[in-house]
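Residue-level structure breakdown
Residues per chain are reported as follows:
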Amino acid sequence: MLSLYRKLLRLYPAEHRELFGEEMIAVLVQEREEHASRKRTARARLALREIAGLASGALQEHVRVRFQFRDGLSLYDGRFTMRNGFRFPKSTAVLMTIILAGVIIAIRKGEVIATTLPPFSQPVTPIHPAHSYLLPGVIEGILFFYAAGLAGWAIVFALRRSGVHRLADMSDQRQ
Amino acid sequence: MALYGMSPQAINDKLPLSEPVLLILVSLATEPQHGYAILKDVERMSGGRVVLSTGTLYGALRRLLDDAWIERYEDEDTSRGKQAYRLTTQGRRNLQLEIDRLKQLTRLASLRVAVKER
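In this text, all values refer to a predicted model and were calculated from it rather than measured experimentally. (Residues numbered from 1 in each chain as written. Chains lettered and ligands numbered in written order. Predicted model: local features only at pLDDT ≥ 70, side-chain atom pairs only at ≥ 80, totals over all residues.)

With that out of the way, let us pick up the overall build of chain A. On a plain count of helices and strands, chain A comes out with 7 helices and 0 strands. Seen in sequence order, chain A has helices and strands lined up from the N terminus as α-α-α-α-α-α-α. Buried residues in chain A amount to 13% of all 175 residues. Restricting to contacts in chain A with at least 6 residues of sequence separation, those with at least 24 account for 50%. (Helix = DSSP H or I, 4+ residues; strand = E, 2+ residues; numbered from the N terminus. Buried ≥ 20, exposed ≤ 12 C-beta atoms within 10 Å, placed from the backbone. Contact = placed C-beta atoms within 7 Å.)

Here you go:
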């Protein structure tokens with residue numbers, strides 16, 4: 001089992017292994033010795049807990065090193081560390097208001113159209129499949145929204161307000 | 001507006017602590033401890049509810065060291081591969097802030113619950 005722990009320790013970044021590797025092995029040895037006289041289920045629970053802990057710990061350390069998160073997937077508050085302002089910027093409220101206004105206007109227009117239509121429509125003629133007309137429109141729509149999203153992200157990036165910049169700012173502030 | 005007697009920025013940056021981190025800090029509040037001793041102390045203090053794995057413990061210790069809440073402490077066991085850790089002044093201050101926050105919270109909760117029961 002100890003050899004497995006050592007292998008799992010290799011998953012950690014080299015710096016972490018250098019700093020804590022031997023200490024961690026010493027703790028694991030003590031844990032194993034303490035559980036040696038216990039039931040098989042207790043020993044299995046320990047092994048599972050340690051394997052899962054080492055694997056998730058290695059992942060967190062890599063995230064911390066790779067993305068320069070000082071807290072990694074933080075234990076300080078038991079959740080992925082994101083500031084309130086980052087999760088829900090004030091500009092979102094403005095955008096949501098605009099979208100809501102658009103929806104209300106669309107509903108009103110729909111009501112106006114409905115009231116202006118004659119009460120009895122002409123008999124409906126057979127409707128033929130219109131895939132050939134719809135498909136290009138759908139594709140154009142997707143492309144339009146994709147391009148709009150890309151342009152929006154480019155603007156946000158140029159203003160240094162993208163997620164990457166915000167995370168970098170948070171990191172700088174904490175240093 | 002100050003909440004729990006601290007600026008919102010201070011709370012946002014440091015608090016609240018997760019239970020494992022709080023227990024690790026409490027474990028170090030009285031005297032320096034080695035990794036294994038912290039592990040066992042946390043388990044004991046929580047009545048067996050919080051059982052840390054070695055990976056979780058050293059992840060937390062790493063961040064606490066980086067933030068200078070704890071520091072390495074040299075003693076006779078250090079040479080035998082057991083590294084001790086102790087709270088720094090900043091770590092002790094932040095732990096006290098968290099305790100104050102929890103006190104305020106429990107006081108408020110107790111009052112509200114008492115009012116509801118009347």
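To continue, consider helix 3 (residues 35-45) of chain B. For an α-helix the count is 3.6 residues per turn, leaving residues at separations of three or four pointing the same way. Among the residues of helix 3 of chain B, Gly35, Ile38, Leu39 and Val42 of chain B are the ones counted as buried. Projected onto a plane normal to the axis of helix 3 of chain B, the buried residues spread over an arc of 100 degrees and lie on a single side. Along its buried surface, helix 3 of chain B packs onto helix 2 (14-35) of chain A together with helix 2 (19-30), strand 1 (33-34) and helix 4 (54-66) of chain B. Looking at the residues trailing helix 3 of chain B, positive phi occurs at Gly47 of chain B, about 65 degrees. (Arc of directions from axis to C-beta.)

Okay, the packing of helix 2 of chain B against helix 3 of chain B next. Residue and element names in this part refer to chain B. Packing of helix 2 against helix 3 leaves a shortest axis separation of 9 Å and a crossing angle of 110 degrees. The angle between helix 2 and helix 3 places the two elements in the roughly perpendicular class. Judged by the sense of rotation from one axis to the other, the crossing of helix 2 with helix 3 is right-handed. Taking contact as the criterion, the partners of Pro20, Leu23, Ile24, Val26 and Ser27 in helix 2 are, on helix 3, Ile38, Asp41, Val42 and Met45. Within the contact of helix 2 with helix 3, the residues separate by chemical class into 7 nonpolar, 1 polar and 1 charged. (Axes fitted to C-alpha atoms, helices over the stretch in contact; angles between N-to-C directions. Parallel < 35°, antiparallel > 145°, perpendicular 65-115°, else oblique. Left-handed = near helix turned anticlockwise from the far one by under 90°. Nonpolar A, V, L, I, M, F, W, Y, C, P; charged D, E, K, R; others polar.)

Spatial relationships are all this shows, so hold off on functional conclusions.
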